[in-house]
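# Working through the structure, step by step
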Amino acid sequence: MKKIIAALSALFLIFCSASFSQNSTARASLQNGIPVYYKNVDSTRMCSVIITIKGGSLMYPREFSGIESALLELMSRGSKKFPYAKIQELGAEKHVSFSHSTSYAGSTFSFSCIDYYFDEVLPIFLDCFLNPSYDAIQFENMLTEYGQDVQKILNKPESFLFYTMKKEVYKNHPLESSAGVLPESLENITLENLKSHYEKILDASRISVVAAGTLNEKKLEKSLEKTLGKIPRSEKLFTPPEIPALEISGENIVLQNAAISGSGHIARVFKSPDIFSEDFIPARLAAEMYNEVLFNIVRTMRGACYTPSTSIGFSPAPFGNDFLYRVSDLQNAARFLKEAQESFSSGRMLSLVEDRVEYDSIEERLPGFINKYITSAYTNQQTCSLIAARAASSLLQLNDIDGLDKFMEQIKNVHATDVIRVFKKYWTEGAFRFFAITGPEDAEKIRFE
């Protein structure tokens, strides 16, 4: 579960942003209109190039979840000219890294390396994107890995809980499709379907390039023109599907799994502000601060679970959740969760000091959390590849490579009244729904009031 929380935190730092109407200006544009953006990073010898593809998981139904991610993974395993063994050699001997990611807004295909090897690696990277080998052996290896991942989703209690939770919350919503392969989509990850999907993403109107590091821009643009510049451009302007607001409704759900007998996991789901809302930034800080109160009350004072946490989503129609990991007091955990909500709603931060309960106001503690959040974000995002990734993610979601940096400026202006207001609006006053998983003999013990 710690890995899940860490991954969510990392994603928040990369994707979080506010509403910005202006667009970034590309430093160059290829003959087919593909824009090329640059982020200067002078303090490193590393270079990174990212190809972004607009659309993401919004562009396919749930039963094809993960198909774009699978395609990019297979593309990273070799081209017709450069086999996977060559890419592995680059990684082992020259520390070259090929990577990819997919979200609701789009996908990225990237590499990073020391500038000394850039001229050698760039043609290989571009050939993998333009001429994937669709190697049968690598495809079977990849499929085996996805099969193992799917089994983990079905067999691991917390993974199955989150899988069910997202499936239920986003039922009949555009965001019901996942960037990753799901149990119901595994059978559709075929070579034929991957090739068909590749033809759809090979559209210059959906593609951009982000480069970072010590680069010879003119030389890079010349290489891109000869390769990506030949990609055809659709006559129809690409526009992503409309995403309606999310509404939380439905019955509470209790799942059963013998692997967690005697304990359980409980999640409380609520609507959270979308990334374009003025509430998003204060809600992000509210989550950071409320996490401390949750831990002090639900775990330390009440001993109800091993790890409590809260988080909010990052999309145009997100949900947030309070998650209680390894609950030992199934009957009272939800009541203790409400106790923590009421404490934070009152504007107080509860702390335990040498077995004494002490209270600080949210107003007193907020500056420290703002500084901690900004320091953490910038400390974790200053490598060349992560700077490029941050810019590419901002470009996909906001059409602005500097969106996250602007977000960091706005976070400094959040006040305690903003934090309390959004906490009440989303955590305590909005509609919510519980999801839980426990052993068959413990299912009747769970109470949500």
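Computed from a predicted model, the values in this text were never measured in an experiment.

Rules of the game
- Residues numbered from 1 in each chain as written.
- Predicted model: local features only at pLDDT ≥ 70, side-chain atom pairs only at ≥ 80, totals over all residues.
- Heavy atoms only, no water.
- Helix = DSSP H or I, 4+ residues; strand = E, 2+ residues; numbered from the N terminus.
- Buried < 20%, exposed > 50% of the residue type's maximum accessible area, 1.4 Å probe, protein only.
- Lys, Arg positive; Asp, Glu negative; His and termini not counted.
- Salt bridge = Lys/Arg side-chain N within 4 Å of Asp/Glu carboxyl O.
- Polar contact = N/O pair within 3.5 Å; in protein donor to acceptor, adjacent residues only side chain to side chain.
- Pairing = 2+ DSSP bridges.
- Axes fitted to C-alpha atoms, helices over the stretch in contact; angles between N-to-C directions.
- Contact = heavy atoms within 4.5 Å.
- Parallel < 35°, antiparallel > 145°, perpendicular 65-115°, else oblique.
- pLDDT = per-residue confidence, 0-100.
- Patch = residues over 30% accessible without salt bridge, like charges linked within 9 Å, V, L, I, M, F, W, Y side chains within 5 Å.
- Areas by Shrake-Rupley, 256 points an atom, 1.4 Å probe, with all protein chains shown as cover.

Next up on the list: the side chain of D203. Position of D203 among the secondary structure elements: in the loop between α7 (191-201) and β6 (207-213). Within the buried set, D203 has no salt-bridge partner at all; the shortest N-O distance to an opposite charge, 5.5 Å, is to R206. Among the polar contacts listed, one links the side chain of D203 to the side chain of S205, at a separation of 2.9 Å.

Right, let's talk about the sheet that holds strand β7 (residues 253-256) for a bit. Taken in spatial order, the five strands make up an open sheet running β7-β13-β8-β10-β9, and their pairing is mixed. The sheet terminates laterally at β7 and β9 (305-311), the two strands that pair on one side only. For this sheet the average axis-to-axis angle between neighbouring strands, irrespective of direction, equals 10°. One ladder, built from six bridges, connects strand β8 (residues 264-271) with strand β10 (residues 319-327); its direction is antiparallel. Bridged to A267 within β10 is F323. The sheet strands contacting helix α10 (residues 333-345) are β8, β10 and β13 (432-438), and the helix crosses β10 at an angle near 130°. The strands touched by helix α14 (residues 416-428) within the sheet are β8, β9 and β10, with β8 carrying the most contacts at an inclination of about 115°.

Our focus in this paragraph is the packing of helix α2 (residues 67-75) against α7. Running from N to C, α2 and α7 point in directions that differ by 95°, and their axes come no closer than 10 Å. Here α7 runs roughly perpendicular to α2, going by the angle between their axes. Touching I67, E68, A70, L71, L74 and M75 of α2 are L191, N193, L194, H197, Y198 and I201, all from α7.

Turning our attention to the confidence of the model for the protein chain. Across the protein chain, pLDDT averages 91, with 93% of residues at or above 70. Here residues 1-23 is modelled with pLDDT under 50, and outside its nearest four sequence neighbours on either side it reaches 58 contacts, counting other chains as well.

Let's shift gears to a nonpolar patch on the surface. Together, M301, L352, V357 and Y359 give the surface a local cluster of nonpolar side chains, amounting to about 300 Å² of exposed area. Residue placement: M301 occurs in helix α9 (residues 280-301).

A sheet is described by the order of its strands in space; here six strands give the open sequence β1-β2-β6-β3-β5-β4, paired in mixed fashion. Strand pairing shows two members of the sheet lacking a second neighbour, β1 (28-29) and β4 (97-102), which therefore form its edges. Direction of pairing for strand β2 (residues 35-39) relative to β6: parallel, over a ladder of four bridges. By the bridge assignment for β6, Y38 is matched with A211.

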